[in-house]
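This is what each chain is made of:
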Amino acid sequence: MASSSSSSSSSSSLHNNKKMLLLLLSTLLIASNKKNSCMAFIPRQARPATIPTTIPTTTTTTTTTTTTTTTTTPSTTSSSSAAAASVVGNDGVDTLIQSDGAKRQVGNDAFLNKNLMARAENGPGKINESKLNIGIVGGGLAGMVAAMDLADAGHKVEIFELRPQVGGKVSSWKDKEGNHIEMGLHVFFGCYYNLFGIMRRTNSFDKYLRQKDHVFEFVNSGGHTGSLDFRFPIGAPVSGLQAFARTEQLGVGDKAENAVRLALSPIVRALVDFDGGMDMVRQLDNISFTQWFTNLGGSRGSLDRMWDAIAYALGFLDCNSISARCMLTIFMLFAIRTEASVLRMLDGSPQTGLHDPILRYLDDRGVVLHLSTGCRDVVHDVDEQGVPTRVRGIKVGPKNEYREFDVVVAATDVRGIKKLLPESFRKHAMLDRIYNLDTVPIATVQLRFDGWVTELKDETRMMDVSGDQSDGRGGGIDNLLYSVDTEFSCFADLAVTSPGEYYKQGEGSLIQAVFDERAYKRSSEKIVQDCLDQLHDIFPSSKKLTCTWSNVVKLGQSLYREKPGQDKFRPAQATPIPNFFLAGSYTFQDYLDSMEGATRSGLMVADEIISRADGPDGLGALAKQLKEEQQQEATGKKKDGNGSAKSLFFADEA
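Just so you know, the residues in each chain are numbered from 1, in the order the chain's sequence is written. Where totals are concerned, whole chains, interfaces and linings use all residues; where local detail is concerned, this predicted model gives features only for residues with pLDDT of at least 70, and gives and counts side-chain atom pairs only at 80 or more. The side-chain values count all of the structure's non-hydrogen atoms but skip hydrogen atoms and water molecules.

A. Main features of the overall build of the chain. Secondary structure is summarised from DSSP: a helix means a run of H or I of at least four residues, a strand means a run of E of at least two, and numbering begins at the N terminus for each. Within the chain one finds 23 helices and 23 strands. Categorising residues by exposure relies on relative accessible area from a 1.4 Å probe, with only protein chains included: less than 20% of the type maximum marks a residue as buried, more than 50% marks it as exposed, and the intermediate range marks it as partly exposed. By the burial criterion, 60% of the 654 residues in the chain qualify as buried. Here a residue-residue contact requires only that any non-hydrogen atoms of the pair lie within 4.5 Å. Across the chain, every contact between residues at least 6 apart in sequence was considered, and the portion connecting residues at least 24 apart equals 74%. Carbon and sulfur atoms form 50% of the exposed surface of the chain, whose accessible area is close to 24700 Å². Methods summary: accessible areas were calculated by the Shrake-Rupley approach with a probe of 1.4 Å, and residue burial reflects only the protein chains presented.

B. Quick peek at the environment of Gly-139. Summarising the element assignment, Gly-139 is placed in the loop between strand S2 (133-137) and helix H5 (141-152). Spatially, the C-alpha atom of Gly-139 lies 10.0 Å from that of Ala-410, the residues being 271 residues apart in sequence. When neighbours within four sequence positions are excluded, Gly-139 is seen to be in contact with Met-144, Ile-159, Phe-160, Glu-161, Val-166, Gly-167 and Gly-168.

C. Representation of the sheet that holds strand S18 (residues 490-493) within the structure. Should DSSP find at least two bridges between two strands, the strands are taken to pair. Spatially, the seven strands line up as an open sheet ordered S9-S8-S17-S18-S19-S16-S20, and their pairing is mixed. Strand pairing shows two members of the sheet lacking a second neighbour, strand S9 (225-229) and strand S20 (547-560), which therefore form its edges. Of the pairings in the sheet, the one linking S18 to strand S19 (residues 510-515) comprises three bridges and is antiparallel in character. Residue pairing in the sheet places Phe-491 in a bridge with Ala-513 of S19.

D. Inspection of the nonpolar core at higher detail. With 122 residues, the main nonpolar core has Ile-136, Phe-289, Trp-307, Val-409 and Ile-609 as its most contacted residues. The dominant element in this core, judged by the number of residues it contributes, is helix H14 (residues 324-336), at ten residues. Here, nonpolar core refers to any group of buried Ala, Val, Leu, Ile, Met, Phe, Trp, Tyr and Cys residues whose side-chain atoms link them within 4.5 Å.

E. Structural context of unusual backbone geometry. Cis geometry is adopted by the peptide bond preceding Pro-237, which originates at Ala-236 and carries an omega value of 5 degrees. Considering the arrangement of structural elements, one finds Pro-237 in the loop between S9 and helix H8 (238-246). For Asn-400, which is not glycine, the phi torsion reads 55 degrees and is therefore positive. Tracing the sequence through the fold places Asn-400 in the loop between strand S13 (388-396) and strand S14 (401-404).

F. Here's a closer look at empty space enclosed by the protein. Here a cavity is any set of points on a 1 Å grid over the protein atoms alone where a 1.4 Å probe fits but cannot get out, and a pocket is any open set with protein on both sides within 12 Å along at least 5 of 7 lines; a residue lines the site when it has an atom within 4 Å of a point. Grid points are joined across faces, edges and corners, and a volume is the space filled by probe spheres set on the points. One pass over the full model with this rule turns up ten cavities of 30 Å³ or more. If you add up the space inside the second largest cavity, you get close to 80 Å³. Lining the second largest cavity are 13 residues, with Arg-282, Arg-325, Thr-329, Asp-567 and Asp-590 positioned closest to its centre. Those elements that place two or more of their residues in the lining of the second largest cavity are helix H11 (274-282) and H14. Counting residues per element, the lining of the second largest cavity draws most heavily on H11, which supplies three residues. Under the scheme applied here, ten amino acids are nonpolar (Ala, Val, Leu, Ile, Met, Phe, Trp, Tyr, Cys and Pro), four are charged (Asp, Glu, Lys and Arg), and all others, including Gly, are polar. Counted by class, the lining of the second largest cavity contains five nonpolar, two polar and six charged residues.

Here is the structure:
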């Protein structure tokens, strides 16, 4: 941190910090006795529908729909004619989850439940009597986690992934020169209980995660620094209060207004009434964080100099654009649990530290993985009104190979599910609402240098790349960094923070920064130059270093846009089509579009399938019924409800 210019100014700063901490504590105590002192809130939005578990008995028509799976290039969202078609079903009731395991992943208890880590670590704890043949479209975290539980429950599982590597938005790979390329910058918050449980289950938690100092570091123009330093003898919420009181990132006036706004927030209510506080947070999805923050005293200066950087880091949107629910959800966790704001980063690439252990786990259980094999068609039955009633299988790969499955899980991102869903599926209201979800584009930049970019104190150290500086011994800051003066709000030197595969002897920093949509449409060359220029602005001494290598990866429409009003469109993992399920961080769960959100959705969809597999009306019985019908179809005839023979009509025969 920058030192004070004199002992008198240092004493004055300390005095101001003490006053600010007293103000924060006093406003907290006052607000805790005024549970209704917050603004009026918007009524709770409806949630996805009750999901049918009984086998449909309607006469069906078989149809196939050709689709294209997700790519990393952007395009405008298609507005299909089905949007205007009649939509059936009442998918807006507030009855969301049916399985006990999935229910534990939502609601207020899920935020404070460390036992979720044990559930993820130990597996589903049940083996089904019915052995289902399950096809999972998408090899990201959600799809792989779902496969882990489903395989442990005794099912046969296959995964189909469009890309040549797994991981989805967390994927990484090597280029021809052996450089590790990442889809984005990934950090592990201490409240990622489910993801940590999965990593313990695959024996990767202790081996591959590196914990960082409990400090949020800000680097500003001219090399000036600020921080939120949570290190304190007393844990949350006091550790957070003193961090805000002492931060150099805000002036005294902004700190005071910050204190007033936070003291009147659901966060403070949650300290004495957690359920009430969380209910208030959920009701704030229809307004932006700026609207909420400035309504009762929050300052524009606080937004500009601190909160915007955090908002961009969470959802790649500024405070004017991000949902208040999104921001306050993570703040709630930070306020309640000390470890929630502690950061960890992988010691190396996501492929090595996260995905490979999961793949070994799946391989040991017979799960089959098909890479570079996208799903092109979904084969399904419809009733007389053209409403889908059952999925039969999928067509995959360049040859459009038909694969039959008892259950299909679409574990894709937002763009992927919009491309994958057949037109007729939009006749179900819950699935139709998916097309209201929006996405945000990002560009991930990697720059390698011949010295240590983030070394601010010692120019000699900045230039020194001699000897072995592996295992985090390189110069500079070993932590995630934030900036409000750049277009990349969060960044890190992976050669220091994640040295396992990113440090190269004789070379220096490997800066990885994520640009949001402000820069997305620029050429890769322009983005690299802009990144260099902005690094030089916040690290002036880095102008003496040379960039020796660069890479840009653009992700066009995969990230769920956490803007106001989107939460009500997120679908459940189970759908109105009884053997068709969804997974992915955009699906309904009480977390953000993140690695933890993807993990939660994978566990939830597995729990929903496992809970529905057995019994006379279960997925196993549905699969048996389908096989009997196929035997009848082989003769070209099928019995209707009155016992008379009825010929099947295939759409592709028309």
